[in-house]
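Commentary on secondary and tertiary structure
Listed below, chain by chain, are the residues.
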Amino acid sequence: MRGLLGFFGTRLVRAVVAVWLVSTVVFVVMRLSGDPVPLLLPPDAPHSEILRVRKDLGLDRPIGVQYAVFLGNTLRGDFGRSIHFREPAVTVVRGYLPASLELGLTAFALAVVAAVPIGLLSAVRRNTALDHAAMGFALIGQSAPTFFIGILFILIVSLGLGLLPTGGRGDWRHLVLPALTLGAFAMASIARLTRSAVLEVLRADYIRTARAKGLAERLVVAKHTLKNAALPIVTITGLQFGTLLGGAVVTETVFAWPGIGRLAVQSIYNRDYPVVQCTVFLSALMFIAINLAIDVVYGFLDPRIRPR
Amino acid sequence: MAQITRREWLTGAAALGAAAALPAVGPAAAQTTQKRELVVAQGGDISKFDPHFSTASNDIRISFNIFDNLTSRHPDGKLYPGLATEWKLQGQTTWAFKLRQGVKFHNGDPFTSADAKASLERTYDPNAKTMVATVYTTVDRIEAPDPLTLLIHTKKPDPLLPARLGFYGGQIVPKNYLASVGADAFNARPVGTGPVRFVSWVKDDRLVLEASPDYWGGRIDVDRVVFRSIPETAPRIASLLKGEVDVITQLPPDHYERVNSGPTQVRGALYAGLYVLGVNSKRPPLDNPLVKQALSLAIDRELIVKELWRGRGIIPSSPIAKGDNHWDASLPPLPYNASEARERLKKSGYKGEEVVIETTVGYTANDKPMSEAIVAMWRDIGVNAKVEVVEYSVRAQKNRDKSFKGMWWSDPTSTLGDPDGMMWRLLGPGGPQDYWRHARWDELGDKARFSVDEKFRAEAYKEMTKIFLEHNPWIIVIQPYEDYGVQRYVDWVPNPNQQFEVRRFNFRMRRT
């Protein structure tokens, strides 16, 4: 029990430190990189006008004071008001979250559901036409830029064949192309890693033993191989999950999908400090939560890592 | 003013090349429609609805439709009545406006002179903290003697006040509603007198507006207007070609032919403004007029228009945009003469100092390709020129600090249809591009601003143009077309100053 508490305790402390570090870096970098005020005012606004707006936004205060205010407010869940939208940053980000989750979860589900069986089959039928075809596609999925895949989908599937909408959020049809585009990279990575992990295990002594004692190949693969190959697969799947939730900027931009990746990038361009801080904070939190979950899953999968 | 995301230009070229190979889809040459909804896709989303808090082009496309101004500038460049039915100058410094009777805000409140007075005063009220506080600096005080009369007293004669009232800062907001709900709630649920009223907005997805049934200018030709934000060029064009949207903004010139065929077409307006290279005339060698003359003469603008703009632009003749007051039709387009350029460079005593263009990528259309072309032309005459790429916000910062190394792209908009609203607004003393002073030029600009004698103003701008072309505080490059892609069933005329309107006077759907 104590071991378990220690296991979580250490990880929790690490998580908090990580979130604090990320927030601080973002705070500093955003302020180093430029001033939001010239972007808000008309190009012919005089200097006095700029000074006034800076004061209104609290940007004229010493950076230490700004940082202290920022930390205090963040602890209370208050990220300040969006400079660009003139409403609380949290409200802004909350408005974008459902779309991001919808796209990220769909892409993730598509990726995992397709990639694990493909990787497994490729490994079991190594060096067959099926293996070559699957890994060929995986290579394309991993190396072609998301941007290119997205535009190609729009031009061929939407415009050429007239099948699905070109972009925007709506019913399930709007979700198909962006989810495939976003999931392509993850799908390819997971499939390739599944294949190599399974191949590795298939060479192990215990597999030879299992075969030698006359187990059906199906059982060998399902029971002995997959479970032992699961560790790296879970790792990469978890990492990909985090990326899919927070790093969908390109897909969201190509498909005009209103997600937080696009919000984050637009907010960086607009120097909208509060919104950037809030999105980064949330993304970091999600990533860390996923990592924590992976750690826990490890314990279940591999008794050797289990906290005693 | 033009807000084009920097990615757009990179994107479009490659992708649309592929699109050209695909067959055109959708109903063959749909010339008419039964649609009751107009869908407009623009390159970026709205940030604010309160018209006094933004001058961004993605925002004013909406605010000019939710709200009305006292005067209205139509696509023909002329001023027409808006919420004011007539106006005249009384004496030298008092403009009297007669207001339209029976107009109602979307919430049912009647529109009166009190709203007009409060709106205009709000723009420069320090407590309101608006982003348009500099629009009405000539105003001394405003009176509303009766509900349908507005008197605006200016500090000095201001011939352009009616024009100022027609552009940003001039949108009229409801005094009582604004006071009762506060600025934030008003920004979230705007109420105006315009032809459409606010229904809903999901950020970066869609804004829904509906026709105001009893709009004073006539109910618009559709029931709903939807604005979508599609940041990338290629998907935006694809959505038009597929028939998902009816109008797209910011169509790059290299897609002209693709869009101008089948059921879609290109609608363009000659931009009410110019694309120029701003010049830091304080830094050697750009403080030397002969060097700048040489730089201007060395630019083969015809080639730029033909190759980079596919002909979608004209070569300017002066710092006054074609279509503005006092544009001089007798002046020839800016000349290209490389040997004369070499000559003047030699005469200037130029010693090989570096001349830098700090360009953005896509802040103004074609900025980087034009920079590269121009630098090559300058190198040809022996100028040590080079291009440096800066980010959009860095450009904004440098613009504010007036710290450009040499040259940068600027797309001055003629906000008033008059040189006062362009070269004088930007280059005048204390203006945002004040890098060059010339006593006579300053004197003329100041007098012309405050003169109600159009003949005097014409003469003044003529002389200012002459001085300008000798000193080149901007190196003027092109006056481009601003192109939109539209379905053929949409009958709509774009406004040169980026004011996007769906009022009856310039928008209807062709129906069977």
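Residues numbered from 1 in each chain as written. Chains lettered and ligands numbered in written order. Predicted model: local features only at pLDDT ≥ 70, side-chain atom pairs only at ≥ 80, totals over all residues. Heavy atoms only, no water.

1. A short note on the pairing of strand β17 (residues 407-410) of chain B
All names here are of chain B. Side chains of β17 alternate between two faces, with Met407 and Trp409 and Trp408 and Ser410 buried alike. As defined by bridge partners, strand β15 (residues 354-359) adjoins β17 across two bridges and the pair is classed as parallel. Residue pairing across strands places Glu358 opposite Trp408, the latter belonging to β17. (Buried < 20%, exposed > 50% of the residue type's maximum accessible area, 1.4 Å probe, protein only. Helix = DSSP H or I, 4+ residues; strand = E, 2+ residues; numbered from the N terminus. Pairing = 2+ DSSP bridges.)

2. Some points on the packing of aromatic side chains
Inspection of every chain in the model, using the stated rule, returns 26 aromatic pairs over all chains. Their ring planes at 50° and their centres at 6.3 Å tell us that Phe85(A) and Trp201(B) sit as a pair that is tilted. Taken as a pair, Phe85(A) in the loop between α4 (63-75) and α5 (89-124) and Trp201(B) in strand β8 (residues 196-202) lie in two separate chains rather than in one. For Phe85(A), a relative accessible area of 8% gives the class buried. An aromatic cluster of at least three residues, connected via ring pairs, comprises Phe85(A), Phe49(B), Phe198(B) and Trp201(B). One residue, Arg86(A), lies across the ring of Phe53(B), its end atom 3.8 Å from the ring centre. Between the NZ or CZ atom of Lys156(B) and the centre of the ring of Phe450(B), over which it lies, the distance is 4.4 Å. (Phe/Tyr/Trp six-rings, centres within 6.5 Å; stacked < 30°, edge-to-face > 60°. Lys NZ or Arg CZ within 6 Å of the ring centre and 35° of its normal.)

3. A short note on the nonpolar core
Formed by 85 residues in total, the largest nonpolar core has its most connected members in Leu38(B), Leu70(B), Phe97(B), Phe111(B), Leu150(B), Ile152(B) and Leu207(B). When residues in this core are grouped by element, the largest group, nine residues, is from α5(A). Taken together, domain 1 (35-49 + 187-271 + 483-509) and domain 2 (67-175) of chain B each give at least three residues to this core, which thus spans both. What Ile152(B) contacts, discounting residues up to four positions off in sequence, is Thr93(B), Thr94(B), Trp95(B), Phe97(B), Leu120(B), Val139(B), Arg141(B), Ile142(B), Leu161(B) and Leu165(B). By size, the runner-up hydrophobic cluster in this structure holds 34 residues, among which are Ala298(B), Ile299(B), Tyr350(B) and Ile475(B). (Core = buried A, V, L, I, M, F, W, Y, C linked by side-chain atoms within 4.5 Å. Domains from an automatic or database assignment. Contact = heavy atoms within 4.5 Å.)

4. Some words on the interface of chain A and chain B
Contact residues are listed per partner, giving 49 residues for chain A and 48 residues for chain B. Here chain A and chain B share three salt bridges between them. Inspection of the region where chain A meets chain B yields ten residue pairs in polar contact (both at pLDDT 80 or more). Secondary structure elements with two or more residues in the side of chain A that touches chain B: α2 (37-40), α3 (47-56), α5, α7 (146-160), α11 (249-254) and α12 (260-269) of chain A. (Salt bridge = Lys/Arg side-chain N within 4 Å of Asp/Glu carboxyl O. Polar contact = N/O pair within 3.5 Å; in protein donor to acceptor, adjacent residues only side chain to side chain.)

5. Re the domain arrangement of chain B
Residue and element names in this part refer to chain B. Assigned domains of chain B: these are domain 1 (35-49 + 187-271 + 483-509), domain 2 (67-175) and domain 3 (272-481). Distance between the C-alpha centres of domain 1 and domain 2: 26 Å. Contact residues are listed per partner, giving 22 residues for domain 1 and 19 residues for domain 2. Taken as a group, Val191, Thr193 and Trp216 account for 40% of the area that domain 1 buries against domain 2, more than any other trio of residues on that side. Connecting domain 1 to domain 2 are one salt bridge. Asp68 is the salt-bridge partner of Arg503, the closest N and O atoms lying 2.6 Å from each other. Between domain 1 and domain 2 we count nine residue pairs in polar contact (both at pLDDT 80 or more) in total. The residue inventory of the side of domain 1 that touches domain 2, partitioned by class, reads eleven nonpolar, eight polar and three charged. (Buried area = accessible area lost by both parts, 1.4 Å probe. Nonpolar A, V, L, I, M, F, W, Y, C, P; charged D, E, K, R; others polar.)

6. So, the packing of α5(A) against helix α13 (residues 273-301) of chain A
A packed helix pair is summarised by two numbers, namely the angle formed by the two axes and the spacing between the axes. All names here are of chain A. Taken N-terminus to C-terminus, the directions of α5 and α13 make an angle of 50°; their axes are 9 Å apart at the nearest point. Between α5 and α13, the interaxial angle falls into the category oblique. Note on packing geometry: the crossing formed by α5 with α13 is right-handed. In this structure, α5 uses Ala89, Val90, Val92, Val93 and Leu97 to contact α13, whose residues at the interface are Pro274, Val275, Cys278, Thr279 and Leu282. Looking at the contact of α5 with α13, its residues break down into nine nonpolar, one polar and no charged. (Axes fitted to C-alpha atoms, helices over the stretch in contact; angles between N-to-C directions. Parallel < 35°, antiparallel > 145°, perpendicular 65-115°, else oblique. Left-handed = near helix turned anticlockwise from the far one by under 90°.)

7. Section: the layout of surface pockets
All names here are of chain A. Estimates place the volume of the second largest pocket at around 760 Å³. Around the second largest pocket sit 30 residues that line it, and Asp56, Leu57, Gly58, Arg81 and Ile83 are the ones nearest its centre. It is α4 that contributes the most residues to the lining of the second largest pocket, four residues altogether. Looking at side-chain class alone, the lining of the second largest pocket contains 14 nonpolar, six polar and ten charged residues. (1 Å grid on protein atoms, 1.4 Å probe; cavity = no way out; pocket = protein on both sides within 12 Å on 5 of 7 lines; lining within 4 Å. Points joined across faces, edges and corners; volume = space filled by probe spheres on them.)

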